[in-house]
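Here are the chains, one letter per residue:
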Amino acid sequence: MATWPTTISAPLLDGFDLTFGENAVYRKAQSGRGESVRYGSGAPDRAKCTLRLWKNRNGINQVDTFNAFFNVDLCLGVNWFSAWWIGSSLGYADHKGKIVGHPKVSVDCKLYADFALTIIIKKSSACPVDDTVWPVGV
Amino acid sequence: MIQWPATLPQAPFRQYSHALAAGLSSESDELSQRRTRTYPESEVEFQFKQLTTPQLQALRSFYDVDLNQTAPFSSPWLPSAGFTHHFCQFTAPPEAKRNGLRWDVSVSLLIIAGVPTDSEGNITYGAA
């Protein structure tokens, strides 16, 4: 299981959007009465956030670190990861995250780059244990 | 009926959006409408400001576990919002947005009328 690199900070909390997972189907009848039925469990919570990566923080290019983490450890977002900020900043107990879609660079200046991320969050027990590995260099 | 948790704010932000969900025989036919309901359902979006992270997780647990995402519940602020004998049901998952050190949460609810009763328990249909 991949772990969020210690040299990269957590996503910015400013503008952090979090939507709880929905396992219910809501239908509105012609009379106006709503009918809500739950059909399962395990829909992940969805977070939209911005990750600010500095190009020279204590001699480390965080953009390169994140790109390597996303490309290799996460296998372009296929694998789930554990991160300290999922628990301490968001209040989840024993949850994992997964980057969905491809991170979009919204700001890229000399000092830093902002990546717009969409992350889904799920209980660790419901996440796959094995990681997908893509041969590097092939 | 399940109660709104006491650990969460007992009243939402003052400004909220509110629209009747039904009440007429034909919503689109403006010339030939008839009223069909005494107490039509209302679709309301409430805002809760400055929730702490534990409160956010308490709301999540209330929505997902206590309500199973679908059950109706009663809330203490409805009478002051004009819903004197009503209860609520989530129509969509709550959405949280970070605001400084805390969270602002938006909840979309369907407000459903129960049976209005007086202090002795007698049904009082037709009351405003």
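Residues numbered from 1 in each chain as written. Chains lettered and ligands numbered in written order. Predicted model: local features only at pLDDT ≥ 70, side-chain atom pairs only at ≥ 80, totals over all residues. Heavy atoms only, no water.

A. Summary view of the pattern of salt bridges. On inspection of all chains with the given rule, the structure shows seven salt bridges over all chains. The closest approach of N and O atoms between Asp-17 of chain A and Lys-97 of chain B, which form a salt bridge, is 3.1 Å. Of the two residues, Asp-17 of chain A sits in strand β2 (residues 12-19) while Lys-97 of chain B sits in strand β6 (residues 95-99), which places them in two different chains. You can call Asp-17 of chain A partly exposed: its relative accessible area is 27%. Residue class for Lys-97 of chain B comes out partly exposed when judged on its relative accessible area of 42%. (Salt bridge = Lys/Arg side-chain N within 4 Å of Asp/Glu carboxyl O. Helix = DSSP H or I, 4+ residues; strand = E, 2+ residues; numbered from the N terminus. Buried < 20%, exposed > 50% of the residue type's maximum accessible area, 1.4 Å probe, protein only.)

B. Inspection of the packing of aromatic side chains at higher detail. Enumeration over the complete set of coordinates arrives at 19 aromatic pairs over all chains. A centroid spacing of 5.7 Å and a plane angle of 75° characterise the contact between Trp-4 of chain A and Phe-69 of chain A, whose relative ring orientation is edge-to-face. Taken as a pair, Trp-4 of chain A in the loop between β1 (2-3) and β2 and Phe-69 of chain A in helix α1 (residues 62-73) lie far apart in primary sequence, 65 residues in all. When its relative accessible area of 3% is taken as the criterion, Trp-4 of chain A is described as buried. With relative accessibility at 2%, the residue Phe-69 of chain A sits in the buried group. On the basis of an interplanar angle of 75° and a centroid distance of 6.2 Å, the ring pair of Phe-69 of chain A and Phe-81 of chain A is categorised as edge-to-face. In this pair, Phe-69 of chain A is assigned in helix α1 and Phe-81 of chain A in strand β6 (residues 81-82), connecting sequence segments twelve residues apart. Comparing Phe-69 of chain A with Phe-81 of chain A, the two get one shared label, buried. An aromatic cluster is defined as three or more aromatic residues linked by ring pairs; in this entry it consists of Trp-4, Phe-46, Phe-48, Phe-62, Tyr-63, Phe-73, Trp-77 and Phe-90 of chain B. Just above the ring of Phe-13 of chain B sits the side chain of Lys-49 of chain B; from NZ or CZ to the centre is 4.8 Å. (Phe/Tyr/Trp six-rings, centres within 6.5 Å; stacked < 30°, edge-to-face > 60°. Lys NZ or Arg CZ within 6 Å of the ring centre and 35° of its normal.)

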